[in-house]
Amino acid sequence: MSKLNAVLAHIETDMGASLNRLMELLRIESISTDPEYAGQCRIAADWLVEELDKLGFRASRRDTTGHPMVVAHYDVGDGAPEGSPHVLFYGHYDVQPVDPLDLWKKPPFEPEIYEDAQGRKVIHGRGSSDDKGQLMTFVEACRAWKQQTGHLPCRVTILFEGEEESGSPSLVPFLEAHKDELSTDFALICDTTMWDEQTPAISTSLRGMTEEEVIIKAASRDLHSGFYGGPAANPIRVLGKIIGDMHDDEGKVTLEGFYEGVAEVPDELKAQWDDLGFDQVKFLGGVGLAYPAGEVGYSVLEQKWSRPTAEVNGIIGGYTGEGFKTVIPAQASAKISFRLVGKQDPEKVRSAFRAHVNARLPKDCEAEFINHGGSPAIEFNIDKPELKKATAALKDEWQKDTALIAMGGSIPIGGLFQSILDIDSLLIGFAHADDQIHSPNEKYNLESFTKGTRSWARILAALAE
Ligand code: BES
Ligand code: ZN
């Protein structure tokens, strides 16, 4: 039996234990955006350090001004073959908040495997897909290599982040301070989806993001809407106008200069996307929708992969409790994110948004802004030997050609590996569109986990050749 086949067999034999380890990690409530869970983020980081240590990595928790990073090395001195390529693997152990909690069918941090309505075995829990289940596919592949053959097939550095879901505030300073330590041949990022349940995928671009909160303030306190209504400015109305004016009737974003740096998709790439056979009726139908609401004149795939957006993610103001209260609130606020493509500059978009708000502020109103971070869009180089090797390894596992796709989501690290460490990344993930990431009842298909682990075992072997 070849070494790789023995490793794959080991993965099968050890799968029960692998799943138990994943469950342990899923029980940790590592919500990064809510400071109340900072202790849990630290516990998750420590848990990973201990696991990687046991695997023969030199692992440590690196505290930052936010949540800690985990860095682990496995190099020639640790048993990696001399002259083998050096890969940097990235995943994030932090998760999104769980609200609305009442919509979860089982508690978010009590993971279990169950059979869903379609007869699939799935792993339930917040973070099962985004991104703990995914990062554990790589850890378990390393474990199988180590236990079966005594060593990993190539040099591996691992970086696990704990702030990916909250704008990665510590990432730039951390990468800059640890440039030498993290400089490797290229990066592997496991935080994306497959094309469909049968078809593995490598994502060749990600949208960027500008995250901004705006608070509109007027009167010095909440007011009776009979006593003051009419003369008093209402911050919710002002906010409504600001938000309403962000799009025209064709779905275009109206901010000044917003489309600077946005290019049309080249015909060749468009043809490649057309060949994927995307079913927009199924895509929208899966979430109870039927009509694309994006920019007129663009296909649904273009709307989510190659066009920028402005979205309101949350809006707060006035009385929202039971019953009714006639109030004019002193303030109202909104959390707004812009998905960016091409060469759009996240900070220029932020300034354009602030200008858009300031231009619509009536007398007596003021606006306060909170910068929640940003990252540019990124396109990856597809003419790399590593991509070809990974593609072949994925085909061996899934018995289907690997689709080259784009991702509408954002993973800030992608661009930073390029700009700070000067290395390219391969984005390979095993999640699915229906995993309900960021929503109640998040799940990860058991097959994503098992075949994902096997895929990494194969990819490591292929890269080492
Ligand atoms: N794993 C996602 C990115 C993603 C989304 C990949 C959809 C594939 C499909 C990632 O963890 C994520 O959600 N990122 C945030 C980043 C933000 C908070 C800076 C996002 O895209 O909203
Ligand atoms: Zn993620």
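As the structure is a prediction and not an experimental result, all values here were calculated from the model.

Scoring rules and cut-offs
- Residues numbered from 1 in each chain as written.
- Chains lettered and ligands numbered in written order.
- Predicted model: local features only at pLDDT ≥ 70, side-chain atom pairs only at ≥ 80, totals over all residues.
- Heavy atoms only, no water.
- Helix = DSSP H or I, 4+ residues; strand = E, 2+ residues; numbered from the N terminus.
- Rg over C-alpha atoms; globule rule 2.2 N^0.38 Å.
- Buried < 20%, exposed > 50% of the residue type's maximum accessible area, 1.4 Å probe, protein only.
- Contact = heavy atoms within 4.5 Å.
- Areas by Shrake-Rupley, 256 points an atom, 1.4 Å probe, with all protein chains shown as cover.
- Lys, Arg positive; Asp, Glu negative; His and termini not counted.
- Charge placed at Lys NZ, Arg CZ, Asp CG, Glu CD.
- Pairing = 2+ DSSP bridges.
- Axes fitted to C-alpha atoms, helices over the stretch in contact; angles between N-to-C directions.
- Phe/Tyr/Trp six-rings, centres within 6.5 Å; stacked < 30°, edge-to-face > 60°.
- Lys NZ or Arg CZ within 6 Å of the ring centre and 35° of its normal.
- Expected span 1.5 Å × (residues − 1).

(A) Quick look at the overall build of the protein. When its secondary structure is counted, the protein shows 14 helices and 18 strands. For the protein, whose C-alpha radius of gyration is 23 Å, the value lies close to the compact-globule estimate of 23 Å for 465 residues. By the burial criterion, 53% of the 465 residues in the protein qualify as buried. The long-range share in the protein, meaning contacts at least 24 apart out of those at least 6 apart in sequence, stands at 78%. With an accessible surface of roughly 20,800 Å², the protein has 49% of that area assigned to carbon and sulfur atoms. Here the protein contributes 46 positive and 73 negative side-chain charges, whose respective centroids are spaced 1 Å apart.

(B) The sheet that holds strand β4 (residues 112–115), seen in detail. In spatial order, the strands read β4-β5-β18; together these three strands make up an open sheet with antiparallel pairing. Of all the strands in the sheet, just β4 and β18 (443–445) have a single pairing partner and so form its edges. Going from strand to strand, the sheet's axes swing by 35° on average, the running direction of each strand aside. Looking at chain direction, β4 and strand β5 (residues 121–124) are connected through four bridges and run antiparallel.

(C) Looking closely at the packing of aromatic side chains. Under the definition given, this model contains 17 aromatic pairs. Between F430 and W456, the aromatic rings sit 6.1 Å apart at their centres with planes inclined by 90°, giving edge-to-face as the arrangement. With a gap of 26 residues between them, F430 in the loop between β17 (425–428) and β18 and W456 in helix α14 (residues 446–464) connect regions that are remote in the sequence. Note on F430: relative accessible area 0%, which makes it buried. Put simply, the rings of F89, F138, F160, W398, F430 and W456 pair up and form one aromatic cluster. The ring of Y259 has K252 lying over it, and the distance from NZ or CZ to the ring centre is 5.8 Å. Geometry around W398 places K451 over its ring, the cationic atom sitting 5.0 Å from the centre.

(D) Seen up close, helix α4 (residues 132–149). An ideal rise of 1.5 Å per residue puts 26 Å on 18 residues; α4 measures up with 26 Å between its terminal C-alpha atoms. Judged by how many residues are buried, α4 sits mostly within the fold: 15 of 18 residues are covered.

(E) Expanded view of the pairing of strand β2 (residues 69–74). By the criterion of burial, β2 is predominantly enclosed, with six of the six residues buried. With burial as the criterion, each face of β2 is covered, one bearing M69, V71 and H73 and the other bearing V70, A72 and Y74. Where strand β1 (residues 58–62) meets β2, five bridges bridge the pair, whose relative direction is antiparallel. The partner of A59 across the bridge, within β2, is A72. Strand direction decides the pairing type here: β2 and strand β6 (residues 155–161), joined by five bridges, are antiparallel. By the bridge assignment, H73 is partnered in β6 with T157.

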